[in-house]
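# Observations on the three-dimensional arrangement
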Amino acid sequence: MTAVDPTRLAPWAALAEHARRLPHLAELLDADPDRFHRFRVEAPRMQLDLSRQRWNAAVRADLIALAEAADLANARRLLFGANRLNPTEGRAVLHTALRAPAGERIDVDGISADAAVHSALLRMRELTDKVRNGIWRGATGKPIRDVVNIGIGGSFLGPALVCDALGSGHRPTVHFLANIDGMEAARLLPRLDPTRTLFVIASKSFGTLETQVNARTVRAWLLERGVAPEALRRHFVAISTNVAAAAEFGLPEANLLPLWDWVGGRFSVTSTIGLPIALGYGFRTFERLLAGARAMDEHFRDTPFAANAPVLLALVELWNQNLLGTESHAVLPYARALELLPDYLQQLEMESNGKSVRRDGTPVTTRTGTILWGNVGTNGQHAYHQLLHQGTAPFSAEFILPLNPGHDLDEHHRWLAAHCFAQAEVFARGRAAARAQAELEAAGMETEAAANAAPHRAMPGNHPSTLLLLDDLAPESLGALIALHEHKVFVQGMIWGVNSFDQWGVELGKTLGAAIHAALADPGRLEAISDATTRALIDTFRARGG
Ligand code: F6P
């Protein structure tokens, strides 16, 4: 697909004109009491309240015209069939095939992706059942009690999000070892019985440094604790495209689940990378996650743009960022179970769309990607919401509230919902100084004192937000939530014209890190380091005995 400059498409100028003229969000809300219904979007397992976005029907229509002008319909069609949507890596993009029903034929380079996916699912199911039913046994013949996923980035964040959302108390217990910081392994390993632990090395490339180092540490730990070398295969399985590297690590093919280069790391939670979910919660749970993602895929594929949740979410955030000038996007799950959602979305959005050139190598002309951050409510209200309400940085927000919270503490859930709704309202409306003064006077304060105090109590409002009401925290809902955001990222990337599926920006730091690592271990390698500050840092580190 050719990449066009979206700012040169006719609807862009119309949108810029809207942005100049649109009134304060409070005015938009007051002008139309039915706004909630007019800007509500229904999608599988959720509804989106877009009424507190700073837009109106004309803006929405022009955004849809922009998507049409950018040939989004064609891009969407390509996403659901064999394609080459990742030109800089020469790869197809087919994460939707991971949850397509058996028999829906999708061929990539003469290989049928659907058959590959369904045979991998079968192997996942067999492995899961063996581990969960105590048939798979560790070196001393005991069943597995703990599973440790060793992986980082897309080989960590998605499964960690889903496992955390599904909750604890399951068997086997699933842990995650991602960071190269030895503290992570040092804290985790003493809690495990080596003879009852299965390690899942999750690495598409089987070459990621953090994963390699952690896997080697764990292998040495198993051997030190008496697991015989020939029994290691009872404690390791791997998920990778790189069969040779996995074999070199000592893993027979029987212990290796496949992955494919047409699944991007950050789009891989519904692939074999989701194995820890199946191991911890059962294969049926994983299937339900896939069903939820599939339902959202179908919604995205078949729904006209005007009622299409991922499309509208993508467009409205593009509008916020590019036309209204928001500088960051806060993801605020009002759900402890979704605590890891901002982390997951950071990789999905920022690694995908943080690009400066379009697919054809020409520079972009507008801000791409989104600085995304966030944490659970209500905790954030007692931390950074002060800045959101009264600071000067323009932002947009996405609240996520499950209607059914997965526990029976109703009073808690009513309070949680009340605060979620309240924050969204205050973001939108704010409070004018005059109103603050009137409220203070009504509470008995002298006029002059109230006038002095009012500016400190005023807040500008006009901050756009989406409220995503998720039906519940069932696996289907989690799958739909994940696929919603995958497609949002895809839509934005297509309109910006960038390749959402490569990540060349992370490579230089990795190469340099390897050279610095060599110099930290051997001063003779210091010459290879050209930056004087880095050389001084290496000296400082070595001087403290590192
Ligand atoms: O460094 C970035 C990255 O390549 C991500 O895109 C990817 O999800 C992560 O590293 C892990 O990669 P792998 O699964 O190959 O170990």
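Residues numbered from 1 in each chain as written. Predicted model: local features only at pLDDT ≥ 70, side-chain atom pairs only at ≥ 80, totals over all residues. Heavy atoms only, no water.

### Concerning the overall build of the protein
The number of helices and strands found in the protein is 21 helices and 13 strands. Taking 2.2 N^0.38 as the reference for a compact globule, 546 residues should give roughly 24 Å; the C-alpha atoms of the protein span a radius of gyration of 25 Å, in line with that estimate. By its C-alpha atoms, the protein is 80 × 60 × 55 Å across when sized along the principal axes. A sequence separation of at least 24 residues applies to 75% of the contacts in the protein between residues at least 6 apart. In the form shown here, the protein has an accessible surface area of approximately 23,200 Å², with 53% of it arising from carbon and sulfur atoms. (Helix = DSSP H or I, 4+ residues; strand = E, 2+ residues; numbered from the N terminus. Rg over C-alpha atoms; globule rule 2.2 N^0.38 Å. Contact = heavy atoms within 4.5 Å. Areas by Shrake-Rupley, 256 points an atom, 1.4 Å probe, with all protein chains shown as cover.)

### With respect to the sheet that holds strand β11 (residues 372-373)
If you walk across this open sheet you meet the six strands as β1-β2-β13-β12-β10-β11, and the pairing is mixed. Edge strands, defined here as strands with exactly one partner in the open sheet, are β1 (40-43) and β11. In the sheet, strand β2 (residues 46-49) pairs with strand β13 (residues 465-470) via four bridges, with the strands oriented antiparallel. Within the sheet, the bridge partner assigned to Asp-49 lies in β13 and is Leu-467. The sheet strands contacting helix α13 (residues 309-323) are β1, β2, β10 (328-333), β12 (395-402) and β13, and the helix crosses β12 at an angle near 150°. (Pairing = 2+ DSSP bridges. Axes fitted to C-alpha atoms, helices over the stretch in contact; angles between N-to-C directions.)

### Regarding the layout of surface pockets
When its volume is computed, the largest pocket comes out at roughly 1,000 Å³. Lining the largest pocket are 37 residues, with Ser-205, Thr-208, Val-506, Glu-507 and Lys-510 sitting closest to its centre. Listing elements by their share of the lining of the largest pocket, those giving two or more residues are α9 (209-224), α14 (341-353) and α20 (507-521). Looking at the lining of the largest pocket, the element that brings in the most residues is α20, giving five residues. Along the lines of polarity and charge, the residues of the lining of the largest pocket split into 11 nonpolar, 17 polar and nine charged. Within this model, the second largest pocket holds a volume of roughly 470 Å³. As for the second largest pocket, its lining consists of 21 residues, and the residues nearest its centre are Asp-164, Val-174, His-175, Phe-176 and Leu-340. For the lining of the second largest pocket, the secondary-structure elements that each account for two or more residues are α7 (157-166), β6 (173-177) and α8 (182-188). Here the lining of the second largest pocket is built from residues that sort into nine nonpolar, six polar and six charged. Each of domain 1 (6-69 + 303-502) and domain 2 (95-288) accounts for three or more of the residues forming the lining of the second largest pocket. (1 Å grid on protein atoms, 1.4 Å probe; cavity = no way out; pocket = protein on both sides within 12 Å on 5 of 7 lines; lining within 4 Å. Points joined across faces, edges and corners; volume = space filled by probe spheres on them. Nonpolar A, V, L, I, M, F, W, Y, C, P; charged D, E, K, R; others polar. Domains from an automatic or database assignment.)

### A few points about the site of the ligand
The immediate surroundings of the ligand are formed by 15 residues, with Ser-155, Ser-203, Ser-205, Thr-208 and Glu-351 found nearest. With respect to the ligand, the side chain of Ser-155 contributes an N or O atom lying 2.6 Å from an oxygen atom. Within the contact set of the ligand, an oxygen atom lies 2.5 Å away from a side-chain nitrogen or oxygen of Thr-208. For the ligand, the accessible surface in isolation is 400 Å², of which the surrounding protein chains cover 87%. Put simply, the ligand lies in the largest pocket. In the shell around the ligand, the residues fall into two nonpolar, nine polar and four charged. (Near = heavy atom within 4 Å. Polar contact = N/O pair within 3.5 Å; in protein donor to acceptor, adjacent residues only side chain to side chain. Sits in = over half its atoms within 2 Å of the grid points.)

### As for the pairing of β2
Of the two faces of β2, the one lined by Met-46 and Leu-48 and the one lined by Gln-47 and Asp-49 are each fully buried. As paired elements, β1 and β2 share four bridges and run antiparallel to each other. Bridging from a neighbouring strand, Val-41 pairs with Leu-48 of β2. The turn linking β1 back onto β2 is made up of two residues, and Arg-45 within it adopts a positive phi angle of 65°. (Buried < 20%, exposed > 50% of the residue type's maximum accessible area, 1.4 Å probe, protein only.)

### Here we look at the domain arrangement of the protein
Per the domain assignment, the segments of the protein are domain 1 (6-69 + 303-502), domain 2 (95-288) and domain 3 (505-543). Distance from the C-alpha centre of domain 1 to the C-alpha centre of domain 3: 42 Å.

### Concerning the packing of α7 against helix α19 (residues 475-496)
Between two packed helices, both the angle of their axes relative to each other and the distance between the axes serve to describe the pair. Two elements in contact, α7 and α19, have axes separated by 11 Å at closest approach and are oriented at 145°. Seen along the crossing, α7 lies across α19 with a hand that is right-handed. Each of Leu-161, Val-162, Ala-165 and Leu-166 in α7 lies in contact with α19, whose residues at this interface are Pro-475, Leu-478 and Ile-482. Taken together, the residues of the contact of α7 with α19 sort by class into seven nonpolar, no polar and no charged. (Left-handed = near helix turned anticlockwise from the far one by under 90°.)

### Re the packing of aromatic side chains
A full pass over the atoms with the stated rule returns 16 aromatic pairs. Aromatic side chains Phe-39 and Trp-55 sit 5.6 Å apart centroid to centroid with 35° between the ring planes, which places their arrangement in the tilted category. Separated by 16 residues along the polypeptide, Phe-39 in the loop between α3 (35-38) and β1 and Trp-55 in the loop between β2 and α4 (57-69) bring together distant segments of the chain. Summarising the burial analysis for this pair, Phe-39 and Trp-55 share the class buried. Taking the centre distance of 5.8 Å and the plane angle of 50° together, the rings of Tyr-334 and Phe-399 count as tilted. (Phe/Tyr/Trp six-rings, centres within 6.5 Å; stacked < 30°, edge-to-face > 60°.)

### Thoughts on the sheet that holds strand β7 (residues 197-202)
With parallel pairing, five strands are arranged side by side in an open sheet as β6-β5-β7-β8-β9. Each of the sheet's edge strands pairs with one partner strand only, and the pair in question is β6 and β9 (256-258). Across the sheet, the mean angle from the axis of one strand to that of its neighbour is 20°, orientation sign disregarded. With four bridges joining them, β7 and strand β8 (residues 236-240) adopt parallel strand pairing. Of the residues in β8, the one forming a bridge with Ile-201 is Ala-238. Set on the sheet, α9 makes contact with β5 (146-150), β6, β7 and β8; between it and β7 the angle comes to about 160°.

### Quick word on the nonpolar core
Within the largest apolar cluster, 118 residues are counted, with the highest numbers of intra-cluster contacts made by Met-46, Trp-262, Trp-319 and Leu-338. Per element, the largest residue contribution to this core is 12 residues, and it comes from α19. Looking at which domains feed residues into this core, each of domain 1 (6-69 + 303-502) and domain 2 (95-288) supplies at least three. For Trp-262, the residues in contact, after removing those within four places along its chain, are Ala-92, Val-93, Leu-94, His-95, Ala-97, Leu-98, Val-108, Ala-113 and Val-117. Counting 23 residues, the second-largest nonpolar core is a separate cluster that includes Leu-192, Phe-206, Val-227 and Phe-236. (Core = buried A, V, L, I, M, F, W, Y, C linked by side-chain atoms within 4.5 Å.)

### A look at the pairing of β5
Judged by how many residues are buried, β5 sits mostly within the fold: five of five residues are covered. Burial along β5 is two-sided: Asp-146, Val-148 and Ile-150 facing one way and Val-147 and Asn-149 facing the other are all buried. Summarising the sheet, β5 and β6 pair through five bridges and their orientation is parallel. Pairing of Val-148 across the sheet is with His-175, part of β6. As a crossover connection, the stretch from β5 through α7 into β6 is right-handed. Inspection of the sheet shows β5 paired to β7 by five bridges, in the parallel sense. Looking across to β7, one finds that Asn-149 is bridged to Val-200. (Right-handed = clockwise from strand over helix to strand, strands pointing away.)

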